[in-house]
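Listed below, chain by chain, are the residues.
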Amino acid sequence: MLAIVKDYWTNFVHLFFPHTCTGCNTDIMPEQFLCTQCLMQLPRTGFFEAADNPVEQSFYGRVTIDAAAAAFYFTKQSLVQQLLFQLKYKGRQDVGVWLGQQIGHQLNISKRFKPIDAIIPLPLHPKKEKLRGYNQSTCIAKGIAEVLQKPVYTNVIVRKKFTQTQTQKNRVQRWENMNDAFTIIEPAILKQQNILLVDDVITTGATLEACSNALLSVPVASVQIATVAYTLL
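Keep in mind that this is a model prediction, so the values were computed, not measured. (Residues numbered from 1 in each chain as written. Predicted model: local features only at pLDDT ≥ 70, side-chain atom pairs only at ≥ 80, totals over all residues. Heavy atoms only, no water.)

### A few points about the overall build of the protein
Phase 1 of the analysis: Counting its secondary structure elements, the protein contains ten helices and eight strands.
Phase 2 of the analysis: Going through the 233 residues of the protein one by one, you find that 48% of them count as buried.
Phase 3 of the analysis: Accessible area for the protein stands at about 12300 Å²; split by element, carbon and sulfur atoms hold 55% of it. (Helix = DSSP H or I, 4+ residues; strand = E, 2+ residues; numbered from the N terminus. Buried < 20%, exposed > 50% of the residue type's maximum accessible area, 1.4 Å probe, protein only. Areas by Shrake-Rupley, 256 points an atom, 1.4 Å probe, with all protein chains shown as cover.)

### Topic: the packing of helix H4 (residues 79-89) against helix H5 (residues 93-109)
Phase 1 of the analysis: Relative to each other, H4 and H5 sit at 130°, their axes nearing to 7 Å. By the criterion of interaxial angle, the relationship of H4 to H5 is oblique. Residues Leu83, Leu84, Gln86 and Leu87 of H4 touch H5, and the partners they reach there are Gln93, Val95, Gly96, Trp98 and Leu99.
Phase 2 of the analysis: When grouped by side-chain class, the residues that make up the contact of H4 with H5 number six nonpolar, three polar and no charged. (Axes fitted to C-alpha atoms, helices over the stretch in contact; angles between N-to-C directions. Parallel < 35°, antiparallel > 145°, perpendicular 65-115°, else oblique. Contact = heavy atoms within 4.5 Å. Nonpolar A, V, L, I, M, F, W, Y, C, P; charged D, E, K, R; others polar.)

### Some details on the pairing of strand S8 (residues 222-231)
Phase 1 of the analysis: Taking burial as the measure, the ten residues of S8 include ten buried ones, the bulk of the element.
Phase 2 of the analysis: Where strand S3 (residues 67-74) meets S8, seven bridges bridge the pair, whose relative direction is parallel. Looking at the pairing, Phe74 lines up with Thr231 of S8.
Phase 3 of the analysis: Of the pairings in the sheet, the one linking strand S7 (residues 194-202) to S8 comprises eight bridges and is parallel in character. Bridging from a neighbouring strand, Val201 pairs with Ala229 of S8. (Pairing = 2+ DSSP bridges.)

### Quick notes on the environment of Ser222
Phase 1 of the analysis: For Ser222, the position within the fold is in strand S8.
Phase 2 of the analysis: Taking the relative accessible area as the measure of exposure, Ser222 reaches 1% and is therefore buried.
Phase 3 of the analysis: For Ser222, the residues in contact, after removing those within four places along its chain, are Asp66, Lys114, Gln193, Asn194 and Ile195.

### Let's talk about H5
Phase 1 of the analysis: The end-to-end C-alpha distance of H5 is 25 Å, a good match for the 24 Å that 17 residues give at a rise of 1.5 Å each.
Phase 2 of the analysis: Considered for burial, the residues of H5 that qualify are Val95, Gly96, Val97, Trp98, Leu99, Gly100, Gln102, Ile103, Gly104, Gln106 and Leu107.
Phase 3 of the analysis: Tucked inside the fold, the buried residues of H5 contact helix H2 (36-41), S3, H4, helix H7 (136-148), S7 and S8. (Expected span 1.5 Å × (residues − 1).)

### Thoughts on the confidence of the model for the protein
For any part of a model where pLDDT is low, the fine detail of the predicted coordinates should not be relied upon.
Phase 1 of the analysis: For the protein, the average pLDDT comes to 86, and 82% of its residues sit at 70 or higher.
Phase 2 of the analysis: Note on residues 9-18: pLDDT under 50 across the span, and ten contacts to partners over four residues away in sequence or across chains. (pLDDT = per-residue confidence, 0-100.)

### A short note on the state of the cysteines
Phase 1 of the analysis: Scanning the model with the defined rule gives zero disulfides in all.
Phase 2 of the analysis: For the unlinked cysteine Cys35, the closest cysteine sulfur is that of Cys38, found at 3.6 Å. (Disulfide = S-S within 2.5 Å.)

### Considerations on the environment of Ala70
Phase 1 of the analysis: Take Ala70: it is sitting in strand S3.
Phase 2 of the analysis: In this structure the C-alpha to C-alpha distance between Ala70 and Val201, which are 131 residues apart in sequence, comes to 8.1 Å.
Phase 3 of the analysis: Here Ala70 is in contact with Thr45, Phe47, Phe48, Val55, Thr227, Val228, Ala229 and Tyr230, once residues within four sequence places are set aside.

Okay, here's the thing in structure tokens:
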């Protein structure tokens, strides 16, 4: 009887307060996030199952990463860009959690990633996080944690350098911009842990490289990287 009442109530609420697809704004049920058509349009990379994928290749000769992958390809004017825009600039933290859940499901079936002890979202500088009101990578990390049932560490490494935007910089300029940008403040917690470092988008990987080097200096047992999207340059 309780289940029937709940179904009636859900349908009643949906009738007067319809829930829309985040991608195309079509009417969908409240428990859904994207409609079936938008889900099918997401450009999945398959990198979580692919050795030597482009994300891993971007770190070769730069920093020792045990495994790395991105869930989707990022292109301009795409659904992935739209979702990330909602997350970063429209306050839609729920979008980040949902994207993190998609990563978590892919990690669950991947045989290439070591068992993860803790998840670390790529830190924002405190000034930038205060302006935005939250760290979008933390939202993504929370979604992954819901699936993997692993802790999220948000206060063990800080971004001490307020860097300029990386958007218009080349690879060398991005590396110089991020040099010595991170500081470990809780090394004892991290020692010999298999860390999953999480970010929203990877382009050249300079920021993730700098953060990974800081973590490896602890030393941690391993650094693995998961991002929502990989930018096609």
